[in-house]
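Listed here are the chains, written in short residue letters.
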Amino acid sequence: MAPPLNMHDSIPWKNDLRKEIARIRKIQTSPPRTPTGAEIFLIEKFLFVSSYIIRKLIENNKVSDELEGRKFPLKYATVKDFDATCDYLSRRNFLKNYHFKKRTTLQLDIGRLINIFIHSYIFCISLHAIKAKDDARRIEIIVTSDWDKRRLYFVNLANYIKICELIIKDQVLYMQVGTTPGKRYRTLLIKSRKRSGAK
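Structure report, in brief. What you see is a predicted model; the values in this text were computed from it and never measured.

### Some details on the pairing of strand S1 (residues 71-78)
Within a regular beta strand, the side chains point alternately toward one face of the sheet and then the other, so they alternate between its two faces.
For step 1, the next point in the chain: Sheet topology note: the S1/strand S2 (residues 104-109) ladder contains six bridges and is antiparallel. Looking at the pairing, leucine 74 lines up with leucine 106 of S2.

Here it is in structure tokens:
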């Protein structure tokens, strides 16, 4: 008998994720102004709920290996004084503890990215008014993981939404379960967008 899964059907979850994206896009494309408390709440809710949904989709084999293994660029700043980031009071004024203007780019897969949100220690939404054809706002999430406070990550909301849309469109059409050779066998699971035998 196959082990029980936490997510029987991915379609309702993906449909709900699609609805949440539509709400956030309205905030994205609204004219530059001070965000309301309701807007901040919707963004926070979207980030936390979507990251957990994506994690469960991955854990329940609803995301293809092709997408799960894909890397996405992410900027981060390094910490100046690690001890200064580890208590509640200093966390409220965290920017002075990081090399905020010296950003480095690294490549992260989707699993590592959403775990930063799930295990976030510092979490701040920054809205920048920019001149654009649609008068949109650039929304950036400044976050650091509870597992790695030495790096302060900068996640562009528009880019994160694109990742969510890739998750929604992704389909696992072929699965194969096997074991690795050797004295200690390990289960090997292949999840692909391509049907069996397709090239």
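### What about the layout of surface pockets?
Remark: the empty space left among the atoms is shown by a probe the size of a water molecule rolled over them.
For step 1, the next point in the chain: In this structure, the largest pocket occupies an estimated 370 Å³ of space.
For step 2, the next point in the chain: In terms of lining residues, the largest pocket is bounded by 19 residues, among which Pro73, Leu74, Phe154, Asn156 and Asn159 are the most central.
For step 3, the next point in the chain: Of all the secondary-structure elements, those providing two or more residues to the lining of the largest pocket are S1, S2, strand S4 (137-145), strand S5 (148-156) and helix H6 (157-169).
For step 4, the next point in the chain: The leading source of residues in the lining of the largest pocket is H6, at five residues.

### With respect to the nonpolar core
Within soluble globular proteins, side chains that are nonpolar tend to cluster in buried spots.
For step 1, the next point in the chain: In this structure, Phe46, Ile110 and Tyr160 are the most contacted members of the largest nonpolar core, which totals 37 residues.
For step 2, the next point in the chain: Sorting the residues of this core by element identifies helix H1 (11-28), helix H2 (37-59), S1, S2, helix H5 (110-118), S4, S5 and H6 as the ones contributing at least two each.
For step 3, the next point in the chain: Contacts of phenylalanine 46, omitting those with residues within four sequence positions, involve Leu17, Glu20, Ile21, Ile24, Ser51, Leu157, Tyr160, Ile161 and Cys164.

### Focus on the pattern of salt bridges
For step 1, the next point in the chain: Taken as a whole and judged by the stated rule, the model has seven salt bridges.
For step 2, the next point in the chain: Across the salt bridge formed by glutamate 140 and arginine 103, the nearest N and O atoms sit 3.3 Å from each other. Separated by 37 residues along the polypeptide, glutamate 140 in strand S4 and arginine 103 in the loop between helix H4 (88-91) and S2 bring together distant segments of the chain.
For step 3, the next point in the chain: Residue classification places glutamate 140 among the buried positions, given a relative accessible area of 8%.
For step 4, the next point in the chain: Judged by its relative accessible area of 34%, arginine 103 falls in the partly exposed class.
For step 5, the next point in the chain: Linked by salt bridges that have partners in common, Arg55, Lys56 and Glu59 make up one network.

### Examining the environment of serine 192
For step 1, the next point in the chain: Its place among the elements puts serine 192 in strand S7 (residues 187-192).
For step 2, the next point in the chain: For serine 192 and serine 64, which are 128 residues apart along the polypeptide, the C-alpha to C-alpha distance reads 5.0 Å.
For step 3, the next point in the chain: Beyond its immediate chain neighbours, meaning those up to four positions away, serine 192 contacts Ser64, Glu66, Gln171, Val172, Leu173 and Tyr174.

### Focus: unusual backbone geometry
For step 1, the next point in the chain: Unlike most non-glycine residues, asparagine 61 shows phi in positive territory, near 60°.
For step 2, the next point in the chain: You can see asparagine 61 is positioned in the loop between H2 and helix H3 (65-68).

Rules of the game
Residues numbered from 1 in each chain as written. Predicted model: local features only at pLDDT ≥ 70, side-chain atom pairs only at ≥ 80, totals over all residues. Heavy atoms only, no water. Pairing = 2+ DSSP bridges. Helix = DSSP H or I, 4+ residues; strand = E, 2+ residues; numbered from the N terminus. 1 Å grid on protein atoms, 1.4 Å probe; cavity = no way out; pocket = protein on both sides within 12 Å on 5 of 7 lines; lining within 4 Å. Points joined across faces, edges and corners; volume = space filled by probe spheres on them. Core = buried A, V, L, I, M, F, W, Y, C linked by side-chain atoms within 4.5 Å. Buried < 20%, exposed > 50% of the residue type's maximum accessible area, 1.4 Å probe, protein only. Contact = heavy atoms within 4.5 Å. Salt bridge = Lys/Arg side-chain N within 4 Å of Asp/Glu carboxyl O.

Everything listed is a geometric property; what it means functionally is a separate question.
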